[in-house]
Amino acid sequence: MAAGSLLDRTPAGRIGAGPVAAGVGAFVLVRAGAEVARRIPVLRRALQGVLRYATAGNGGAVLLTTLANGAAEELFFRGPVYNALGATGSTAVYVLTTTATRNPALVAASAVMGAVFAWQRRSGGGVLAPVVTHVVWSALMVWRLPALVPEKAGP
């Protein structure tokens, strides 16, 4: 597969506001879920386990690493893995890979978001839309979610 064929089938590889809106919408849904989960001790601990990294160290470095990782995940899982295994297979591999974290919050997010990213790949024909959605979603997660589920606070 040629490198250019991974770009979405839109004029000049351009995308509209859809992937940005999808990233914002996904964050809104995750935020609503976190609002509930923070009241359940085991789920609150799972969220705190993930979010502790969002506030550790240099904020700019954390954000840059998060965004680069999100883009790299999409290039891999919605690129060659998708080409080899299709939408369902790439999502399954994404979820299985995430189980290595042993964090139920990340595994659940990978199942939902992996399906969204695979749908975008199938709809757009390339990785551009999933990359944009993942980067927008990740930026909002790092920027806004840690305040909702602080490390030391209870429900």
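Before any of the text, the structure's been laid out above.
Please read all numbers here as calculations on a predicted model, not as lab measurements.

With respect to the overall build of the protein chain
Stage number 1. Counting its regular elements, the protein chain contains six helices and zero strands.
Stage number 2. Along the protein chain, helices (α) and strands (β) appear in the sequence α-α-α-α-α-α when read from the amino end.
Stage number 3. Out of the 155 residues belonging to the protein chain, those deemed buried represent 39%.
Stage number 4. In the protein chain, the share of contacts with a sequence separation of at least 24, taken over all contacts with a separation of at least 6, comes to 73%.
Stage number 5. Approximately 8300 Å² of the protein chain is accessible, and the part contributed by carbon and sulfur atoms is 70%.

As for the side chain of Gln120
Stage number 1. Residue placement: Gln120 occurs in helix α5 (residues 104-124).
Stage number 2. Accessibility expressed as a relative area gives 6% for Gln120, which makes it buried.

Observations concerning a nonpolar patch on the surface
Stage number 1. A cluster of nonpolar side chains, Val36, Ile40, Val42 and Leu43, forms an exposed patch at the surface whose accessible area comes to about 320 Å².
Stage number 2. Note that Leu43 resides in helix α2 (residues 41-51).

How each quantity is defined
- Residues numbered from 1 in each chain as written.
- Predicted model: local features only at pLDDT ≥ 70, side-chain atom pairs only at ≥ 80, totals over all residues.
- Heavy atoms only, no water.
- Helix = DSSP H or I, 4+ residues; strand = E, 2+ residues; numbered from the N terminus.
- Buried < 20%, exposed > 50% of the residue type's maximum accessible area, 1.4 Å probe, protein only.
- Contact = heavy atoms within 4.5 Å.
- Areas by Shrake-Rupley, 256 points an atom, 1.4 Å probe, with all protein chains shown as cover.
- Patch = residues over 30% accessible without salt bridge, like charges linked within 9 Å, V, L, I, M, F, W, Y side chains within 5 Å.
- Salt bridge = Lys/Arg side-chain N within 4 Å of Asp/Glu carboxyl O.

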